[in-house]
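For reference, the chains in residue letters:
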Amino acid sequence: MKKYLIIILAPLLTMSAFTGYANSPIATFEQEEMPDNSFSKEEYQKLLNLQFNAYEDMTVSDYQNRVWELRDTKDYDNLLERFSQSDILYELKDTNEIAAFIFYILTPLTAEKWQTRDFDGYAMTGYPNAFDNAMLEFSYTLTIKNADILTVREYNTTRLEMLNGLQKILHDKTSEQLQSETFMKEQISAEIETLTRKLSTDKLQISVEYSYLPLSKMNENIHNQQSTQTEKTNREYPNGTEEDYNSLLVLKIPNYQNMNIADFNLLLLEWANKSYDRMERIYEDISCNDFQITLSDDDISFVKWAVYLSGKENAKYVQSQYNGRIEEPPVCAEQLPTKEIEANGNSALCDLYYQFSYSITDKNSVTVSERDEQIKDMINAVQKFWNDMDVESALKMSEGDILKRLDEFAATYSTDRIIITINKEQVHFECMDERE
């Protein structure tokens, strides 16, 4: 893997999963249900006409033949090609039924090279220090061996079970195990072999490729809440120097806030390509909130928002160049402070970790300031909600209640130019009450 990809991409990746959309046909829908408004209602209906009655129980070959028969006109074929090339729909493939149908059912099973299809994913541990989390990046290939007996449902179910199995590999590992690349590669290979053996059949074969980035020891220190001095001693990289920051702050040109995202991201990417070591040191400073040089409030804001968010976006850009796929939206991860109360030597506590992604519709028109303020407002709103809630109130809430509130915040702070989406699979709300 390219060095730049490892430096910027690996710490920022997060997993996502489509968990069962397209399991029932959609007959009609309202205008607001159409995620990409460049298509008309009539065009969406043509797409959804391909969700035939009980199509999931059809064999792959029967489903293919019916689709190919319908799309055997230039207009229909061009329409489906446009759907498959929609960046908006691709970004929503894990959260929207229509997009999921396109990218997980229709395209894989009816494209020219339908026999073999690759699916990418990644899993990351949930330590608060996002830059130093262990990360498993994988690509698994489904190869159809007998389309005459394999059903659409079997294909999609196998895909989901494989994805879920790969995403769980990191879940039961200790921090010491996650830090050992040798141990983890042995474990990952063994668990992948078990998964593929379990899910492969004479109808559908599975193969997997992966890369693993170990957990940094920095996270063990943070997780165990050891002293700040111990954390600094175990940093992977030393603190950024005054020269490092002076180099970066050259990008803080007058009115940089009014630059469009595309231009600012390019400036940062060019700087990062020339300044690997400086970038490593500064990004670890950001992730640890550990700045050892004096910076003005404006400089801190520039580094912690403009540089940090554009770094995430550049990571997704580099990833898309690396794997040849459409650029995915960046992800923000937040671990909120533990709420705890104690009575008679026993305690009750609640923890909340969540992730959200954001999509910028046009990087050539959205400004740095517009993006920074919108993402900052989203994070601050959730932080205030959490801070204002006492432990007793939190204990009465379910994860579903938390998800609902997070979705409400995402809707409030989304616009038609920047769309915020809660990654529901990466919301972890846990409570424990030992007082009784």
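About the criteria used
Numbering of residues begins from 1 in every chain and follows the order in which that chain's sequence is written. Thresholds applied to this predicted model are a pLDDT of at least 70 for local features of residues and 80 or more for the giving and counting of side-chain atom pairs; totals over whole chains, interfaces and linings are not thresholded and use all residues. Side-chain figures throughout are based on the complete set of non-hydrogen atoms in the structure, without hydrogens or water. As used in this record, nonpolar core signifies buried Ala, Val, Leu, Ile, Met, Phe, Trp, Tyr and Cys residues forming a set joined through side-chain atoms within 4.5 Å. For each residue, the accessible area found with a 1.4 Å probe, counting protein chains only, is set against the maximum for its type, and the residue is called buried under 20%, exposed over 50%, and partly exposed in between. A run of H or I in DSSP becomes a helix once it reaches four residues, and a run of E becomes a strand once it reaches two; helices and strands are each numbered from the N terminus. Cysteine sulfur atoms that come within 2.5 Å of each other are treated as a disulfide pair. Lines fitted to C-alpha atoms define the axes here, with helix axes fitted over just the stretch in contact, and angles between the N-to-C directions of these axes take values from 0 to 180 degrees. Should the near helix be turned anticlockwise from the far one by less than a right angle, the crossing is termed left-handed; should it be turned clockwise, right-handed. Whether two residues touch is decided by their heavy atoms; if any such pair falls within 4.5 Å, the residues are in contact. When residues are sorted by character, Ala, Val, Leu, Ile, Met, Phe, Trp, Tyr, Cys and Pro go into the nonpolar class, Asp, Glu, Lys and Arg into the charged class, and all the rest, Gly among them, into the polar class. The rule for pairing is simple: two strands pair if DSSP sees at least two bridges between them. Residues adjacent in sequence count toward polar contacts only when both atoms are side-chain atoms; beyond that, a polar contact is any pair of N or O atoms within 3.5 Å, and within protein one must be able to donate a hydrogen and the other to accept it. One less than the residue count of a helix, multiplied by 1.5 Å, gives the span that helix is expected to have. In this scheme Phe, Tyr and Trp rings, the latter by its six-membered ring, pair at centre separations within 6.5 Å, and the angle between planes marks the pair as stacked below 30 degrees, edge-to-face above 60, and tilted otherwise. Throughout this description, the term charge over a ring refers to an Arg CZ or Lys NZ atom that lies within 6 Å of the ring centre and within 35 degrees of the ring normal. In this analysis a 1.4 Å probe is tested at points of a 1 Å grid over the protein atoms alone, and where it fits but cannot get out there is a cavity; an open set with protein on both sides within 12 Å along at least five of seven lines is a pocket; lining residues have an atom within 4 Å of a point. Grid points are joined across faces, edges and corners, and a volume is the space filled by probe spheres set on the points.

A few points about the nonpolar core
Counting 57 residues, the largest nonpolar core has Leu47, Leu50, Tyr63, Phe83, Tyr140, Ile144 and Leu166 as its most contacted members. Of all the elements, helix H6 (residues 97–110) adds the most residues to this core, at 10 residues. Within the second largest apolar cluster, 54 residues are counted, among which are Tyr245, Ile261, Phe264 and Met378.

Quick notes on the state of the cysteines
Across all of its chains, the model carries one disulfide by this definition. Shown here is the disulfide that connects Cys350 with Cys431, its sulfur atoms set 2.4 Å apart. A torsion of 110° about the S-S bond marks the disulfide between Cys350 and Cys431 as right-handed. Of this pair, Cys350 sits in strand S6 (residues 346–360) while Cys431 sits in strand S8 (residues 428–433); the two residues are 81 residues apart in sequence, bridging distant segments of the chain. On the basis of relative accessibility, which here comes to 0%, the residue Cys350 falls in the buried class. Judged by its relative accessible area of 34%, Cys431 is partly exposed.

A short note on the packing of H6 against helix H7 (residues 152–167)
Put simply, H6 and H7 touch, their axes get as near as 11 Å, and they point 115° apart. Remark: the crossing between H6 and H7 carries right-handed chirality. From H6, Tyr104, Ile105, Pro108 and Leu109 reach across to H7, where they touch Val152, Tyr155, Asn156 and Arg159. Across the contact of H6 with H7, the residue classes break down as six nonpolar, one polar and one charged.

Points about the sheet that holds strand S3 (residues 204–213)
Strand order in the open sheet formed by three strands is S1-S2-S3, with antiparallel pairing between adjacent strands. On the outer flanks of this sheet lie strand S1 (116–124) and S3, each paired with one strand and no other. On average, each strand axis in the sheet is inclined to that of its neighbour by 20°, with strand direction left out of account. One ladder, built from nine bridges, connects S1 with strand S2 (residues 135–144); its direction is antiparallel. Residue pairing for S2: Ala123 is matched across the bridge by Leu136.

Brief notes about the side chain of Ser200
Along the chain, Ser200 turns up in the loop between helix H9 (181–199) and S3. Here the side chain of Ser200 touches Thr196 through a polar contact of 2.8 Å, landing on its backbone oxygen. Only 3.2 Å separates the side chain of Ser200 from the backbone nitrogen of Ile206, close enough to count as a polar contact. Filtering out sequence-adjacent residues up to four positions away, Ser200 remains in contact with Gln205 and Ile206.

Some points on H7
In this model H7 runs 23 Å from its N-terminal to its C-terminal C-alpha over 16 residues, within 8% of the 22 Å that 1.5 Å per residue would give. Taken residue by residue, H7 has Val152, Tyr155, Asn156, Thr158, Arg159, Leu160, Met162, Leu163, Gly165, Leu166 and Gln167 as its buried positions.

Structural notes on the environment of Glu399
Looking at the element boundaries, Glu399 is found in helix H18 (residues 399–412). Its relative accessible area of 33% is what places Glu399 among the partly exposed residues. On a C-alpha basis, the gap between Glu399 and Glu430 in space is 7.9 Å, while along the polypeptide they are 31 residues apart.

As for the packing of aromatic side chains
Evaluation of the coordinates by the stated rule reveals 17 aromatic pairs. On the numbers, 6.2 Å between centres and 65° between planes, the contact of Tyr245 with Phe291 is edge-to-face. A residue pair is termed long-range when its members are at least 10 positions apart, and Tyr245 in helix H12 (residues 242–249) and Phe291 in the loop between helix H14 (276–288) and helix H15 (297–323) qualify at 46 residues. Classification of Tyr245 by relative accessible area gives buried; the value is 1%. In this structure an aromatic cluster arises from ring pairing among Phe52, Tyr55, Tyr63 and Phe101. One residue, Lys93, lies across the ring of Tyr90, its end atom 4.1 Å from the ring centre. The aromatic ring of Phe119 is capped on one face by Arg159, whose charged end is 5.7 Å from the ring centroid.

Brief notes about the environment of Glu154
Secondary-structure assignment places Glu154 in helix H7. On the basis of relative accessibility, which here comes to 29%, the residue Glu154 falls in the partly exposed class. Taking C-alpha positions, Glu154 is 9.5 Å from Val60, a pair spaced 94 residues apart along the chain.

Concerning H14
The end-to-end C-alpha distance of H14 is 18 Å, a good match for the 18 Å that 13 residues give at a rise of 1.5 Å each. Those residues of H14 that sit buried are Met279, Glu280, Arg281, Ile282, Tyr283, Glu284, Asp285, Ile286 and Ser287.

Some words on the pairing of S2
The element S2 is largely enclosed, with a buried count of eight among its 10 residues. Pairing of S2 with S3, which is carried by 10 bridges, proceeds in the antiparallel orientation. Looking across to S3, one finds that Leu142 is bridged to Ile206.

Thoughts on the layout of surface pockets
Taken as a whole, the second largest pocket encloses approximately 1,100 Å³ of empty space. For the second largest pocket, the lining is made up of 50 residues, of which Tyr90, Asp118, Phe119, Asp120 and Arg325 are closest to its centre. Of all the secondary structure elements, the ones that give two or more residues to the lining of the second largest pocket are helix H4 (74–84), H6, S1, S2, H7, S3 and H15. The leading source of residues in the lining of the second largest pocket is H6, at seven residues. Residue composition of the lining of the second largest pocket, grouped by class: 21 nonpolar, 15 polar and 14 charged.

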